[in-house]
Amino acid sequence: MVKITIKDLSFSYGSRKILEDLNLVVGDSEVLSLVGPNGSGKTTMIKCIDRILKPKGSILLNGGRDLQSLSRQEVAKYIGYVPQSTTSVLTTTVFDTILMGRKPHMGWRVQEEDIDKVVDIMKLLHVEEFALKDFSELSGGQKQRVLIARALAQEPEVLLLDEPTSNLDVKHQLEALDTVRSIVKRTEISAVMAIHDLNLAARYSDSLVMLKGGKVHAIGDPSTLLTRENIRAIFGVEAVVMRDLDRPYVVPIRSLNAEAV
Amino acid sequence: MSEAETISKEGAIDASDLKEDYASFVGRKVLFIIASLAGIVILAGVAATLGSANITPVEVYSAILAWFFPGTFATTDFIDTIVWQLRLHRVLMGIFAGMGLAVAGAAMQGILKNPLASPFTLGIASAASFGASLAIILGAGFVSGQWLIVGNAFIFTMIASLTVYGLAKYKGITPETMILAGIAIMYLFSAMTSFLQYVGEAEEVQEVVFWMMGSLGRSSWDKAGIIALVAVVCTLALMYFSWDINALGAGDETAKSLGVNVELVRVLCMILASLITASIICFTGTIGFIGLVAPHITRMVVGGDHRFLLPASGLVGALILLAADTLARTILAPVILPVGIMTSFLGVPFFIYLFLKRRKEYW
C-alpha cells in the first residue's frame with residue numbers, strides 16, 4: 001500500500017531553487033531515508049512535507065486528499081515531526097512535552113484518554129522513569145526518545161525525522177534508529193528521515209532517496225543504490241563499498257577535489 | 001530490541017502510578033492558584049484597614065458585606081464612606097492592574113521566548129510616557145478634557161505596538177524581529193519625551209516625572225472598572241491560546257508541525273498583551289517590574305505550562321502590586337510614595353533570593 005505520494009514538489013527561497021520537481025512514493029510501514037550532501041535539500045524536503053515551509057506541488061495521502069489543501073491542525077493529525085536538535089527554552093516536563101503531541105486532537109482541557117495515550121507511549125519508548133523531570137535535564141539520547149514520543153502522540157500516519165542521529169553517540173544512534181524501525185514495523189506508520197550517515201541509512205532503511213542539488217538522483221533499496229559510482233556522483237567522494245555484510249558498507253577514501261591541498 | 005529489554009528490567013513503573021504522579025503534579029499548581037486567591041482576599045481586607053483613619057478588619061469586611069447583603073450585616077456611614085469611596089477602588093485597581101501587567105508579561109515572555117521580555121519590551125512604556133508628556137507639556141492630544149492624558153497614553157501605546165508589528169511583519173514575525181523593532185521604538189519615544197521635557201516648563205516636567213513613576217493615587221471606581229474589565233477579558237483570551245504558547249516554546253517549526261498558526265498566535269497575543277498594558281498604564285503611569293518579575297516567580301513554582309502560568313502569574317502580580325501599594329501608602333505616612341518605586345524595592349530582594357536559591361534551570 002502507498003502511504004503518501006509526492007508529486008512535482010518544488011520549493012524556492014526567492015529566485016533560488018532549493019527543491020525541483022521531486023516525485024516520491026512512500027509505502028506503508030516503510031523507512032525511507034533521504035541522503036545527500038549538505039545543501040542537497042534533505043532537511044528542506046522534510047519541512048516541505050510537513051508544510052513547515054510552503055512548497056509547490058502536491059502531497060497526496062492514500063485516500064487521495066492533498067495535504068496542501070488541509071489546515072495546519074489537520075496536517076498535524078497525519079504527520080509527526082521530530083526536529084533535529086531542540087533548544088527548548090521554556091521549562092517543561094517530559095510528560096507535558098509528550099502531552100503537547102496530543103494538541104491536534106484535544107481542546108483546552110486534557111481528557112483522560114489523552115493522559116492514557118501519553119502514558120502508553122511513554123512506556124513504549126521507555127521514558128516513564130523521567131516523566132516529571134525537566135526536558136532540559138535529559139541527555140541527548142533521552143531527549144531524542146522524548147521527541148519521538150511527542151510525534152507519536154500525534155498518532156500520525158507518517159513520522160518525519162530530521163537527522164535523528166546528529167547529536168548522539170554511537171550507542172544512542174543505534175538505539176534511536178532501532179526505536180524508529182521497530183515502531184514502523186510494529187504499526188502502520190511510515191518514517192521518512194533525513195540522514196547523513198550512509199551506513200546507518202543502509203542498515204535501517206527499506207529504501208533510499210539520493211538527493212543532489214534539490215533533485216532526485218536515484219531512488220531504490222540501499223544495496224543497489226550504494227555503489228562507488230553513485231557516491232562519487234553525489235558526494236564527490238572516492239569510496240570503497242564493502243558487500244560482505246548483509247548490507248553494503250561504505251568506507252570513504254578521499255574527496256575528489258582535495259588534490260589542491 | 002536490546003535497548004528495550006535492558007530498560008524494561010530496571011524501570012518497572014506502573015501506568016496507574018504514572019497517572020497519579022501527574023495528577024498530583026497538576027494538583028499542586030491548582031493548589032497554588034487557590035492559595036494565591038485566598039492571599040489576595042486577605043490582603044485586600046488588610047489593605048483597606050490601613051490608612052489615616054483607624055478601622056479594624058472586621059469593620060472593613062462588614063462594610064463590604066453590608067453592601068451586598070444590606071439586612072444581614074450592619075455598618076456605619078463613616079466606615080462605609082472610607083471603605084467604599086476612599087480605599088476599596090484603589091485596592092481593586094491595584095489587584096487588577098497587578099494582574100493585568102503580570103499576565104501581559106507572562107504572555108510576552110512566552111511568545112517571544114525571552115526571559116527579559118515584558119510588556120515594556122515593545123517600547124510600550126516609553127510610548128505611553130510620550131503620549132502623557134505631549135498632553136501635559138503641549139496640551140496636545142487625540143481626546144480633550146479630563147481624558148487627555150489617559151487617551152494620549154493609551155493611543156500612543158497602541159501606536160507603538162502596531163508599529164512594532166508592522167516592522168516585524170516586514171521581516172517575518174519572529175522573537176528577534178519583534179524585540180529589535182521594540183527596542184528601536186523605545187529609543188525613539190524616549191528621545192521624543194526627553195525633547196519635550198527639555199522644552200517644557202519646570203512644573204510641567206515635574207508632572208511628567210511624577211506621571212512616569214506610576215501610582216494608584218488617581219484611582220476611581222470608573223477607572224478600576226475599566227482596568228478590571230480589560231484585564232479579565234484579555235486574560236481569558238490569552239489563556240485560550242495557552243497550548244499554542246506552550247507549543248511556541250518548543251520552537252516555531254515544532255509549533256507549526258503541531259498545528260499552530262505561529263505568526264497569527266504571536267500577533268494576537270502581542271495585541272492582547274499591549275491592550276492590557278495600555279489600558280492600565282494610561283491610568284497609573286508606568287509601573288515596571290511586575291510584568292517582568294511576577295511571571296518569573298510564578299514559573300519557579302508552577303512551571304512553564306501557560307494554562308496554569310498565566311492565571312497564577314496574574315494572581316502573584318496582583319499580590320505584589322497590592323502589597324507594594326499598601327506599603328507605599330503606610331511606610332512613610334502621611335507621605336504616599338509612588339507604587340512604581342515600591343514594587344522594585346519589594347520585588348527585587350525577593351527575586352534575587354529566588355534567583356540565588358534556585359537549583360535548576362527554569363528557562
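Residues numbered from 1 in each chain as written. Chains lettered and ligands numbered in written order. Predicted model: local features only at pLDDT ≥ 70, side-chain atom pairs only at ≥ 80, totals over all residues. Heavy atoms only, no water.

A. Representation of the overall build of chain A in the model. A count of helices and strands for chain A gives 9 helices and 11 strands. Since a compact globule built from 261 residues should have a radius of gyration of about 18 Å, the 19 Å found for chain A is in line with a globular shape. On the principal axes, the C-alpha backbone points of chain A span a range of 60 × 40 × 35 Å. By the burial criterion, 56% of the 261 residues in chain A qualify as buried. Looking at chain A alone, contacts between residues at least 24 apart form 63% of all its contacts between residues at least 6 apart. (Helix = DSSP H or I, 4+ residues; strand = E, 2+ residues; numbered from the N terminus. Rg over C-alpha atoms; globule rule 2.2 N^0.38 Å. Buried < 20%, exposed > 50% of the residue type's maximum accessible area, 1.4 Å probe, protein only. Contact = heavy atoms within 4.5 Å.)

B. Structural view of the pairing of strand S8 (residues 207–212) of chain A. Residue and element names in this part refer to chain A. In terms of burial, S8 is largely enclosed, as 5 of its 6 residues are buried. Here S8 runs beside strand S9 (residues 215–220); their pairing, made up of 5 bridges, is antiparallel. In the strand pairing of S9, Leu208 is matched with Gly220. Between S8 and the antiparallel strand that follows it, S9, lie 2 residues; Gly213 among them carries a positive phi value of about 55°. (Pairing = 2+ DSSP bridges.)

C. Main features of a negative patch on the surface. Residue and element names in this part refer to chain B. On the surface, Asp14, Asp17, Glu20 and Asp21 cluster together into a negatively charged patch. If you trace the backbone, Asp21 turns up in helix H2 (residues 15–49). By relative accessible area, which is 40% here, Asp21 ends up partly exposed. (Patch = residues over 30% accessible without salt bridge, like charges linked within 9 Å, V, L, I, M, F, W, Y side chains within 5 Å. Areas by Shrake-Rupley, 256 points an atom, 1.4 Å probe, with all protein chains shown as cover. Salt bridge = Lys/Arg side-chain N within 4 Å of Asp/Glu carboxyl O. Lys, Arg positive; Asp, Glu negative; His and termini not counted. Charge placed at Lys NZ, Arg CZ, Asp CG, Glu CD.)

D. Main features of the pattern of salt bridges. Residues and elements named next belong to chain A. Counting across every chain of the model gives 23 salt bridges over all chains. Notably, a salt bridge pairs Arg102 with Glu155, separated by 3.3 Å at the nearest N-O pair. On the criterion of sequence distance, the pair formed by Arg102 in the loop between helix H3 (94–99) and helix H4 (112–124) and Glu155 in the loop between helix H5 (140–153) and strand S6 (158–162) is long-range, its members being 53 residues apart. Its relative accessible area of 2% is what places Arg102 among the buried residues. Owing to a relative accessible area of 38%, Glu155 belongs among the partly exposed residues under this scheme. Sharing partners across several salt bridges, the network here consists of Arg102, Glu113, Asp114, Lys117 and Glu155.

E. Molecular detail of the state of the cysteines. Residue and element names in this part refer to chain B. Evaluated as defined, the whole model comprises 0 disulfides over all chains. The closest cysteine sulfur to the non-disulfide-bonded Cys269 is located on Cys234, 11 Å from its own sulfur. Cys234 supplies the cysteine sulfur nearest to Cys282, a cysteine that is in no disulfide, at a spacing of 13 Å. (Disulfide = S-S within 2.5 Å.)

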